Each structure stands twice: as C-alpha cells, then as structure tokens.
Amino acid sequence: MVLQSARLRPVDWESALQVFVDRMSDTGIGWWLYGSAALAVRGVDVMPGDVDLAVEDSRAVGEIMRDLLAEPVTQMTGWVADAGGRAFHGAIIEWLSGAHPTSSSPPHEQEPAAGEHLEAVTWRGRSIPVPRLEVQLAMAAARGLDNRCTLIRHAMAQRS
C-alpha cells in the first residue's frame, strides 16, 4: 500500500474491484462504485489509485471484507460521511456510508442523491452501478482535473 501511494508499485485496482464484487454478490447490501475506477470500468483511459465505494452499511461490508481489512470500519465525525473502512487486495478498497448531502447540483459522487441516478456498466460480465458521467464531470471540474474532464466529455460524446 505504501509503495502504491508513493507511485512505486502499480495499483491492481481490477483485482481489488473483482474481490469486492464477488464478495458483495447476493448479500443484498446496496453499493456503487465512484471515482476513477467508475470511469475505468466504462473504458475511460484513467489509472485508478484505489477503488472507492458508497455502501449502505459500512459495518456489514467490514465483516464481509474482514480478512482484508487495512483499516477497521470507523464512525466518523466532521467528515463527509458517517462511517468508512478500508481493505487491501492489490489496491486499497475504500468504502463509506452515510455520506452527508451537500445540496450541490449535480451531487457529489458518493452522496445519496447520486445514488438515485446510477447507471449500470457491464464489467467482466457483472453489472457495476456507477454515477452518471455528468456527475463525475462536475466532480472532476470542481477538483480542477482538466485532463479527466476532457476524457469524461469524450466518453459522453461517444455515448450519444
């Protein structure tokens, strides 16, 4: 994890996402993928540094990912969400629940309002829920990620 953070080792985000998707299958726990991995599963040319997920129940996901935990599920105060945890399997798998609404339009990728407008992307034969590209574009623009904005706009143009 440290070597990946220092950009000295490649990030195997695909293995990390695969293990998460496999473990979440048939649990009934709602979740969606956001951030750069949500773009990568669409085929956008980005290299995710981790796998970011919004989940309904952080504690339940922590139990499911128990043997891979890098940071236990923690209740948060003064943060963007109520709870979150981290696991590691080729890359950091980070999830949160109870994201606080920002009232921004479009909403932040991880907040409940974004969850009301998800799209399903097929990745390795599995359906992966992700935020609409318009939501991801707004977040990339707000963060000043000009190159990512260009890539998202290109993906949006190809879609129409």
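Quick caveat: nothing in here was measured; it's all calculated off a predicted structure.

Q: Help me get a handle on the sheet that holds strand β4 (residues 83-88), residues and values and all.
A: Taking strand neighbours across the sheet as the criterion, the five strands line up as β1-β2-β5-β4-β3 in an open arrangement whose pairing is mixed. Each edge of the sheet is formed by a strand with only one pairing partner; in this case those strands are β1 (31-34) and β3 (69-75). For this sheet the average axis-to-axis angle between neighbouring strands, irrespective of direction, equals 20 degrees. Here β3 runs beside β4; their pairing, made up of four bridges, is antiparallel. Bridging across to β4, glutamine 75 finds its partner in alanine 83. Sheet strands in contact with helix α2 (residues 13-24) are β1, β2 (51-55) and β5 (92-97), and its direction is about 25 degrees off that of β2.

Q: Give me the environment of methionine 76: which residues, what numbers.
A: Note that methionine 76 resides in the loop between β3 and β4. For the pair methionine 76 and glycine 98, spaced 22 residues apart in the sequence, the C-alpha separation amounts to 9.9 Å. Not counting the four nearest positions on each side in its chain, methionine 76 is found in contact with Glu71, Ala81, Asp82, Ala83 and Gly84.

Q: Explain the packing of helix α6 (residues 133-142) against helix α7 (residues 146-159) residue by residue, including any values.
A: Contact geometry for α6 and α7: axes closest at 9 Å, N-to-C directions at 165 degrees. Put simply, α6 runs roughly antiparallel to α7. Considering how the two elements wind past one another, α6 and α7 form a crossing that is left-handed. Contacts from Leu133, Glu134, Gln136, Leu137, Ala140 and Ala141 in α6 reach Arg148, Cys149, Ile152, Arg153, Ala155, Met156 and Arg159 in α7. Along the lines of polarity and charge, the residues of the contact of α6 with α7 split into eight nonpolar, one polar and four charged.

What counts and how
Residues numbered from 1 in each chain as written. Predicted model: local features only at pLDDT ≥ 70, side-chain atom pairs only at ≥ 80, totals over all residues. Heavy atoms only, no water. Pairing = 2+ DSSP bridges. Helix = DSSP H or I, 4+ residues; strand = E, 2+ residues; numbered from the N terminus. Axes fitted to C-alpha atoms, helices over the stretch in contact; angles between N-to-C directions. Contact = heavy atoms within 4.5 Å. Parallel < 35°, antiparallel > 145°, perpendicular 65-115°, else oblique. Left-handed = near helix turned anticlockwise from the far one by under 90°. Nonpolar A, V, L, I, M, F, W, Y, C, P; charged D, E, K, R; others polar.

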